[in-house]
Amino acid sequence: MRYRLLAGPRVLAVLVLAAVPFLVSLVAEGEGGAWPYDWPVELEDVRAQAKTFDVGIGVRIYQIPFESREQFEVAWPGILRAKSRGGTLTLYRVGSPGEGWPGVSNEGPAVRILAPSGGYSALTERQRGPQPQTLDDMEALVEQGNALHADEPWPESAFLPNGDLAEYVTIEFVDGRMTWVAAGQDDGRLRDLHRARVDIVLVVDGQVIDLNRIRLPADTKVIDKRGLTGSDG
């Protein structure tokens, strides 16, 4: 098992991927959408056509390409419900530059979901004893306060004062136990961050994904990047 330093010299992190336990990789790409099975049912019909990208230890990206307007519009309400409270909606045109995630592009109409990694962060072996061999071992460390699972449910300390879930969280010790706390974007301290918030990205072509035909949520911050150079849409 390999570790990566997280939040200072006392804490180290390990990512548990769905198919390969305790594997850490800068970018791991998998076929199919590995989102939780308790996500909105509308997403089940597009799970097989999706791809899952695990980026470092902190972010999981689901890329769902669409070729049919009808299929996208059926899935859209479920996609919106997967978004976290405070989550954003970013708009790109097909062919425009994206966020720069390795292996992820805006080549065609698609939905991109930025989500928690679902990994685990644990204390060093010296501090907590023998390394965990199974997921049950890791869950036992979580119960003891010696590890954290980067996924729901998030503690109150992961939320912002306005009640929104923070985009990223980091680790602090509270009463001797590891816990997630909201990480501010202007936090200059040297630390690794884990995504907490689920954000949505739409790659729009005007045909399969046509903004004139769908409802954009009024309570969601919309970041419009369709004017970026390099767009062919």
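Residues numbered from 1 in each chain as written. Predicted model: local features only at pLDDT ≥ 70, side-chain atom pairs only at ≥ 80, totals over all residues. Heavy atoms only, no water.

(A) Representation of the overall build of the chain within the structure. Per the secondary structure count, the chain includes three helices and 14 strands. A buried classification covers 49% of the 233 residues belonging to the chain. Within the chain, counting contacts between residues at least 6 apart in sequence, those at least 24 apart form 68% of the total. In the form shown here, the chain has an accessible surface area of approximately 11700 Å², with 50% of it arising from carbon and sulfur atoms. (Helix = DSSP H or I, 4+ residues; strand = E, 2+ residues; numbered from the N terminus. Buried < 20%, exposed > 50% of the residue type's maximum accessible area, 1.4 Å probe, protein only. Contact = heavy atoms within 4.5 Å. Areas by Shrake-Rupley, 256 points an atom, 1.4 Å probe, with all protein chains shown as cover.)

(B) View of the layout of surface pockets. By volume, the second largest pocket is sized at about 250 Å³. If you trace the second largest pocket, you find 14 residues lining it, with Q63, P65, S105, E107 and A110 closest to the centre. Elements with a minimum of two residues in the lining of the second largest pocket: β4 (51-55) and β5 (59-65). Per-class residue counts for the lining of the second largest pocket are six nonpolar, four polar and four charged. (1 Å grid on protein atoms, 1.4 Å probe; cavity = no way out; pocket = protein on both sides within 12 Å on 5 of 7 lines; lining within 4 Å. Points joined across faces, edges and corners; volume = space filled by probe spheres on them. Nonpolar A, V, L, I, M, F, W, Y, C, P; charged D, E, K, R; others polar.)

(C) Representation of the nonpolar core within the structure. Membership of the largest hydrophobic core comes to 27 residues, with the highest contact counts inside it found for W39, I64, F66, W76, V111 and L202. Breaking this core down by element, the ones donating at least two residues are β5, α1 (69-82), β6 (89-93), β7 (110-115) and β13 (199-204). Element by element, the count of residues in this core is highest for α1, at six residues. Contact partners of L202, with chain neighbours within four places excluded, come to F72, W76, L89, T90, L91, Y92, A110, V111, I209, L211 and I214. (Core = buried A, V, L, I, M, F, W, Y, C linked by side-chain atoms within 4.5 Å.)

(D) A look at the environment of G58. With respect to the helices, strands and loops of the structure, G58 is situated in the loop between β4 and β5. Judged by relative accessible area, which is 7%, G58 ranks as buried. Spatially, the C-alpha atoms of G58 and R195 are 5.7 Å apart, while their sequence positions differ by 137 residues. Leaving out residues up to four positions away in the same chain, G58 has contacts with S117, L193, H194 and R195.

(E) Seen up close, a negative patch on the surface. On the surface, D136, D137, E139 and E143 cluster together to form a negatively charged patch. Considering the arrangement of structural elements, one finds E139 in helix α3 (residues 135-144). (Patch = residues over 30% accessible without salt bridge, like charges linked within 9 Å, V, L, I, M, F, W, Y side chains within 5 Å. Salt bridge = Lys/Arg side-chain N within 4 Å of Asp/Glu carboxyl O. Lys, Arg positive; Asp, Glu negative; His and termini not counted. Charge placed at Lys NZ, Arg CZ, Asp CG, Glu CD.)

(F) Layout of unusual backbone geometry. Residue P153 is reached from E152 by a cis peptide bond, and omega for that bond is -5°. Tracing the backbone shows P153 in the loop between β9 (147-149) and β10 (168-174). Its identity is not glycine, yet D175 carries a phi of approximately 55°, on the positive side. Along the chain, the position of D175 falls in the loop between β10 and β11 (177-182). Its relative accessible area of 78% is what places D175 among the exposed residues.

(G) A look at α1. Given a rise of 1.5 Å per residue, 14 residues ought to cover 20 Å, and the 20 Å separating the end C-alpha atoms of α1 matches this to within 8%. In α1, a bend of some 40° at W76 exceeds every other bend along the element, and P77, a proline, comes one to four places later. Along α1, the residues classified as buried are F72, A75, W76, G78, I79, L80 and A82. Summarising the contacts, the buried residues of α1 are in contact with β6, β7 and β13. (Expected span 1.5 Å × (residues − 1). Bend = angle between axes of the 7 residues up to and from the residue.)

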